[in-house]
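Spelled out, the chains give:
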Amino acid sequence: MLSGINFTAEPGQTTAFIGSTGSGKTTLIGLIPRFYDVTAGQVLIDNVDVRDMRLRDLSGQIGYVPQKGVLFSGTVKSNVTYGNKRASTKEIDTAIKVAQASDFVKKLEGGLQSNISQGGTNVSGGQKQRLSIARALAVKPKVYIFDDSFSALDFKTDAKLRKALQKETAGKTVLIVGQRISTIMNADKIIVMDEGKIVGQGTHDELMKHNVVYQEIAHSQLSDEELARNKNARKEAK
Amino acid sequence: MDSQPRKPAPRQRRGGMFGGPGPVGAPTEKAKDLKGTLKKLAHHLRPYWGKLSVVLIFAIASTAFAIASPKILGHATNQIVDDYVAMKAYDAIMENLPVGVTLPAGTTGADVLDSIPAAERDNIPSSQIDSIKSLDLSTRPTFHFEAIRSIIVLLLALYLLSAALSYIQGWIMTNITQKVTYTLRRDISQKINRLPLKYFDKRTYGEVLSRVTNDVDTISQSLNQSLSQIVTSVVMIIGIIVMMLSISWLLTLITILVLPISFGFIAFITKRSQVQFVRQQELLGDINGHIEEMYAGHQVMRVFNGERASIAKFNRINDKLYQSSWRAQFFSGLMFPLMTFVGNLGYVGVAVAGGWLAINGHIRIGDIQAFIQYVQQFNQPIIQTANIANVLQSTAAAAERVFEFLDEPEQAANTTKPVTLKNPVGRVVFDKVVFGYDPKSPVIKGLSATIEPGSRVAIVGPTGAGKTTLVNLLMRFYEVDSGTITIDGVNIQDMRREDVRRLFGMVLQDTWLFSGTIRDNITYGAPNATEEQMIATAKEAHVDHFVSSLPGGYNMELNEEANNISQGEKQLLTIARAMLAGAPMLILDEATSSVDTRTEVLIQKAMDNLMRHKTSFVIAHRLSTIRDADLILVMKDGNVIEQGTHTTLMQKNGFYAELYNSQFTEAI
């Protein structure tokens, strides 16, 4: 499936993965929380092989947000605190606020204590995804993994959420799997995947210059004008 | 809409208090309106009244014969016993005669009895005195084989007749039930086609499916079995009581007195076991739910260290389940032994009392034998009636659901004078359209828009803004609550639904392909297309290239899920299909998840080819599509809040501009 993968994701930086369906992005990030183990090579967190850590300790360092929001039956609160039972009220509130979920949680009749039915069928896809994000935030992990976690959100919520996340995840290692160029184009490092291999690494601007696969993806989604405009916007921000 | 909790399909519970289908003591569903439902069911049976009465008569006759047989068998036993006693008495008298004495012809047992001393006479059991008295001592009596034979022949005939009647009765009944259920199924299937889509939005597939299969099945089964069982059971109970009384009122009394004891036990046990069965069902649901949830969310559970909590929860439910299953089984398991015990008590009572009566000559051995047979037969119809009561309850519940379904309000019928468009150009006008899935809370609140022929309309807006709803209205999957939608000046409500839909070609996110060849799938909307047309279209839709690399080319069979070609290829096929169908207007739903980039480019090109010169509505996700549209309908909360081209909308600097710009704010 995957071969010859070498990269380092630094703390305080955002590393993004892009590539077509089946290119191996999800499998790749699944190696970090040990959903799968490598056949050869190593995955290290702070120089320790993930296979040498106790699973509990490893999991405690990772805030994982799956592709599809997965919730368990219980309450909004029990879901947000699923990975950190000791989270304080303030911590819970912050997590929910950053995840852009406070508006709809407030609207629910029972607030934090509202019921979540089995499989989270009583909240919408976007709401599920936002609560999944809040759950990962409440753990306060070292490493964040967002596996295409913004797809069920509309552009606007997506943008707001990412802005809020930026503060919350400062100093942490952030890994993002993305489908939309606009979601990942501002990452510190973008890793382009194709058929289980890394075919390019670098910033958006670098990749736009040199990487054919990345260019193809970008042009299928955005016009030249938009790409140019975006470039300027980022220059200004810097 | 996906936030609405879906009601799970009602769990089928059937079966009765005693054996039968379903566990002992398990609870039954009840109909809300038992009387009304039974009336409706009777109405469905009306065409079969004639046959039903035959069934009834046959059932009664068959049962009557079955009831008569033990008594007749008793006669045979009596005959054998009489003959045996006579032979013994003759031998005894002859052995005790003084040597050399011969009895004159015509001497009877009575004469001999008179001659022996009274003290000795009292030793002879009173039941035998009578047969000795009538004994003719001139010849040694033998068994009356002719009499026994004729009784046995009569019995055989009765058994056969009873079996034959019961068979014919069952056969006719099956015929009737199959016809009734056939009509029910037909009615349901026709009803499905007349129901508005709204109905299906509120229900799961399982629920609708359960009407057609489970509920109709339940009705069929219980009509088939229970209806004749009711008759036979009631006839049995009455008949057996009559027969018992004809043998001995005392034994009958003993038998009937035991009944309340049985009923008491039954009531005691079912009350307790029902509670446990309900609990068991709930817990079973809980444990399945937990397993399902953990299975589906396994990665999340692991990465958030939820293993221990999950296992603890499982053990907690499992313990409770163990407790209530154990209890439920314990109580319902008690039923059978207790019933047997009580039955045996009655049996002992009958045997003791019967023996005593026989010794005193009030009753004959054959009668006791017949009586015991009746006692054994007696329990069955009583148990059955109790069982049937439950089966009828659940049948009524099933029938009620079926009738409720058949009574659902249907979609408005097509107009009587439908208008057909000769040469549709595709000018679509929405005029103050209001619509809600639930009329009380409209999702589209007064939409007006004019779409010129051949233009490309992009529908954009956040999730839940009503984009899909707009398409549903346009295709008349739903009817507007007020306002009008016209195509080339004709209100779509004045057209036939099929004609409206024929005006549109559809390419949706969920590609719909069926198992069959690729050719079949492409020509689905235009079965008369020639091979040349088909291939020309396939080329234009960028299908030809990948198809020619497939084994079998256009003849390749797609399997059920069509997963032997890629997602992108599937989309191309649906585009080709829409292209070949040549509808004047198009509805496209752009995929949100990207396929591989090269196919993506092909899809876009194919879509462009498809949309050329056609009025097309695109539920758009790609910015390029939106930008190139002739008209953008910006939807928010069910309303088109802005409309115009990309340039005019950007100038306006409203919601659209905000939406568009949010794409380019600083990302993490």
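Residues numbered from 1 in each chain as written. Chains lettered and ligands numbered in written order. Predicted model: local features only at pLDDT ≥ 70, side-chain atom pairs only at ≥ 80, totals over all residues. Heavy atoms only, no water.

Novice: Is there a simple way to explain the overall build of chain B in this structure?
Specialist: For chain B, the helix and strand inventory stands at 22 helices and twelve strands. Expressed as a percentage of the 668 residues in chain B, the buried residues total 45%. Long-range pairs, those at least 24 residues apart, make up 78% of the contacts in chain B with a sequence separation of at least 6. In the form shown here, chain B has an accessible surface area of approximately 33800 Å², with 59% of it arising from carbon and sulfur atoms. (Helix = DSSP H or I, 4+ residues; strand = E, 2+ residues; numbered from the N terminus. Buried < 20%, exposed > 50% of the residue type's maximum accessible area, 1.4 Å probe, protein only. Contact = heavy atoms within 4.5 Å. Areas by Shrake-Rupley, 256 points an atom, 1.4 Å probe, with all protein chains shown as cover.)

Novice: Would you take a moment to explain the overall build of chain A for this structure?
Specialist: Helix and strand content of chain A: eleven helices and ten strands. Across the 238 residues of chain A, 55% fall into the buried class. As displayed, chain A offers around 10900 Å² of accessible surface, 48% of which is attributable to carbon and sulfur atoms.

Novice: I tried to follow helix α11 (residues 307-359) of chain B on my own but got confused; where do I start?
Specialist: Given 3.6 residues to a turn, an α-helix orients residues that are three or four positions apart in the same direction. Along its 53 residues, α11(B) runs 77 Å from first to last C-alpha, staying within 8% of the 78 Å computed at 1.5 Å per residue. At the C-terminal side of α11(B), Gly361(B) shows a positive phi close to 75 degrees. (Expected span 1.5 Å × (residues − 1).)

Novice: Got a minute to help me understand the pairing of strand β7 (residues 143-147) of chain A in this structure?
Specialist: Where a strand is regular, its side chains alternate between the two sheet faces. Residue and element names in this part refer to chain A. With respect to burial, β7 is a largely interior element, five of its five residues being buried. The two faces of β7 match: Val143, Ile145 and Asp147 on one face and Tyr144 and Phe146 on the other face are all buried. Taken together, the four bridges between strand β4 (residues 62-65) and β7 define a ladder with parallel strand orientation. Pairing of Val65 across the sheet is with Phe146, part of β7. Pairing of β7 with strand β8 (residues 173-177) involves five bridges; the strand directions are parallel. Pairing of Ile145 across the sheet is with Leu175, part of β8. (Pairing = 2+ DSSP bridges.)

Novice: Looking at this model, I keep getting lost on the pattern of salt bridges. Mind explaining?
Specialist: Two side chains of opposite charge can pair, provided their charged atoms sit close to one another. All told, the structure shown has 15 salt bridges over all chains when counted by the stated rule. Between Asp46(A) and Lys142(A) there is a salt bridge; the shortest N-O distance is 2.6 Å. Here Lys142(A) lies in the loop between α6 (125-138) and β7 and Asp46(A) lies in the loop between β2 (44-45) and β3 (48-49), a separation of 96 residues in the sequence. With relative accessibility at 40%, the residue Lys142(A) sits in the partly exposed group. One continuous salt-bridge network, built from bridges that share partners, spans Arg476(B), Glu479(B) and Arg497(B). (Salt bridge = Lys/Arg side-chain N within 4 Å of Asp/Glu carboxyl O.)

Novice: Whenever I open this one, the side chain of Ser233(B) confuses me. Can you help?
Specialist: Positionally, Ser233(B) belongs in helix α8 (residues 205-247). If we skip the residues at most four places from it in the chain, Ser233(B) touches Pro381(B), Gln384(B), Thr385(B) and Ile388(B).

Novice: Before we go on, may I ask you to explain the sheet that holds strand β9 (residues 189-194) of chain A in this structure?
Specialist: Strands in a sheet are paired, the pairing made by backbone hydrogen bonds, and the direction either parallel or antiparallel. Residue and element names in this part refer to chain A. Here we have six strands laid out as an open sheet, ordered β4-β7-β8-β1-β9-β10, and mixed in their pairing. Edge strands, defined here as strands with exactly one partner in the open sheet, are β4 and β10 (197-202). In this sheet, neighbouring strand axes are inclined to one another by 15 degrees on average, regardless of whether the strands run parallel or antiparallel. Here β9 pairs with β10 via five bridges, running antiparallel. Following the sheet pairing, Ile190 is matched in β10 by Gly202. Contacting β4 and β7, α6 crosses the sheet at an angle of about 180 degrees to β4. Seen against the sheet, helix α10 (residues 212-221) touches β1 (14-18), β9 and β10 and runs at an angle of roughly 95 degrees to β9. (Axes fitted to C-alpha atoms, helices over the stretch in contact; angles between N-to-C directions.)

Novice: Looking at this structure, how should I read the packing of aromatic side chains?
Specialist: Two measures describe an aromatic ring pair: the distance that separates the ring centres and the angle between the ring planes. Enumeration over the complete set of coordinates arrives at nine aromatic pairs over all chains. Centroid distance Tyr144(A) to Phe146(A): 5.9 Å. Interplanar angle 5 degrees. Geometry classified as stacked. Both residues of the pair, Tyr144(A) and Phe146(A), count as buried. Taken together, a centroid distance of 5.6 Å and an interplanar angle of 55 degrees make the contact between Phe435(B) and Tyr478(B) tilted. Residue Phe435(B) is located in strand β1 (residues 428-435), and its partner Tyr478(B) is located in the loop between α13 (467-474) and β4 (482-487); the two are separated by 43 residues in the primary sequence. (Phe/Tyr/Trp six-rings, centres within 6.5 Å; stacked < 30°, edge-to-face > 60°.)

Novice: What's the story with empty space enclosed by the protein in this structure? I'm lost.
Specialist: Which parts of space are left empty comes out when a probe the size of a water molecule is rolled across the atoms. Residues and elements named next belong to chain B. On inspection of all chains with the given rule, the structure shows three cavities of 30 Å³ or more. Of all the elements in the fold, those that place two or more residues in the lining of the largest cavity are α9 (249-296), α11 and α12 (365-407). Of the residues in the lining of the largest cavity, the class split is seven nonpolar, five polar and no charged. (1 Å grid on protein atoms, 1.4 Å probe; cavity = no way out; pocket = protein on both sides within 12 Å on 5 of 7 lines; lining within 4 Å. Points joined across faces, edges and corners; volume = space filled by probe spheres on them. Nonpolar A, V, L, I, M, F, W, Y, C, P; charged D, E, K, R; others polar.)

Novice: Honestly, a nonpolar patch on the surface in this entry has me stumped. Any pointers?
Specialist: Residues and elements named next belong to chain B. Judged by side-chain polarity, Leu245, Trp249, Leu253 and Leu257 come together as a nonpolar surface patch covering roughly 460 Å² of accessible area. Ranked by residue count, the leading element in the nonpolar patch is α9, at three residues. For Leu245, the location among the structural elements is in helix α8. (Patch = residues over 30% accessible without salt bridge, like charges linked within 9 Å, V, L, I, M, F, W, Y side chains within 5 Å.)

Novice: What am I meant to see in the packing of helix α6 (residues 145-194) of chain B against α12(B) here?
Specialist: To describe two helices that pack against each other, one gives the angle between their axes and the distance between the axes. Residues and elements named next belong to chain B. Where α6 meets α12, the closest approach of the two axes is 9 Å, and the angle between their N-to-C directions is 40 degrees. Looking at the two axes, α6 sits oblique to α12. Helix-helix and strand crossings are classified by hand; for α6 and α12 the assignment is left-handed. Contacts from Leu184, Asp187, Ile188, Lys191 and Ile192 of α6 reach α12 at Val402, Phe403, Phe405, Leu406 and Asp407. Across the contact of α6 with α12, the residue classes break down as seven nonpolar, no polar and three charged. (Parallel < 35°, antiparallel > 145°, perpendicular 65-115°, else oblique. Left-handed = near helix turned anticlockwise from the far one by under 90°.)

Novice: I tried to follow the layout of surface pockets on my own but got confused; where do I start?
Specialist: Residue and element names in this part refer to chain A. Here the second largest pocket is characterised by a volume of approximately 900 Å³. Lining the second largest pocket are 33 residues; nearest its centre among them are Phe7, Ile32, Gln42, Val43 and Leu44. Contributions of two or more residues to the lining of the second largest pocket are made by α1 (25-30), β2 and β8. Tallied by class, residues from the lining of the second largest pocket come to 17 nonpolar, eleven polar and five charged.

Novice: I'm lost on the packing of helix α2 (residues 49-96) of chain B against α8(B) in this one. Help?
Specialist: Residues and elements named next belong to chain B. Put simply, α2 and α8 touch, their axes get as near as 9 Å, and they point 30 degrees apart. Overall, the two elements α2 and α8 adopt an arrangement that is roughly parallel. Like other packed secondary-structure pairs, α2 and α8 cross with a definite hand, here right-handed. Mapping the contact onto sequence places Leu52, Leu56, Ala59, Ile60, Thr63, Ile67, Ala68 and Lys71 in α2 and Leu227, Val231, Thr232, Val235, Met236, Gly239, Ile240, Met243, Ser246 and Ile247 in α8. Taken together, the residues of the contact of α2 with α8 sort by class into 13 nonpolar, four polar and one charged.

Novice: How should I be thinking about the environment of Asp147(A) in this particular structure?
Specialist: Residue and element names in this part refer to chain A. For Asp147, the location among the structural elements is in strand β7. Look at Asp147 and you get buried, because its relative accessible area is 2%. If we skip the residues at most four places from it in the chain, Asp147 touches Thr26, Ile29, Tyr64, Val65, Pro66, Gln67 and Val177. A polar atom in the side chain of Asp147 sits 3.3 Å from the side chain of Thr26. (Polar contact = N/O pair within 3.5 Å; in protein donor to acceptor, adjacent residues only side chain to side chain.)

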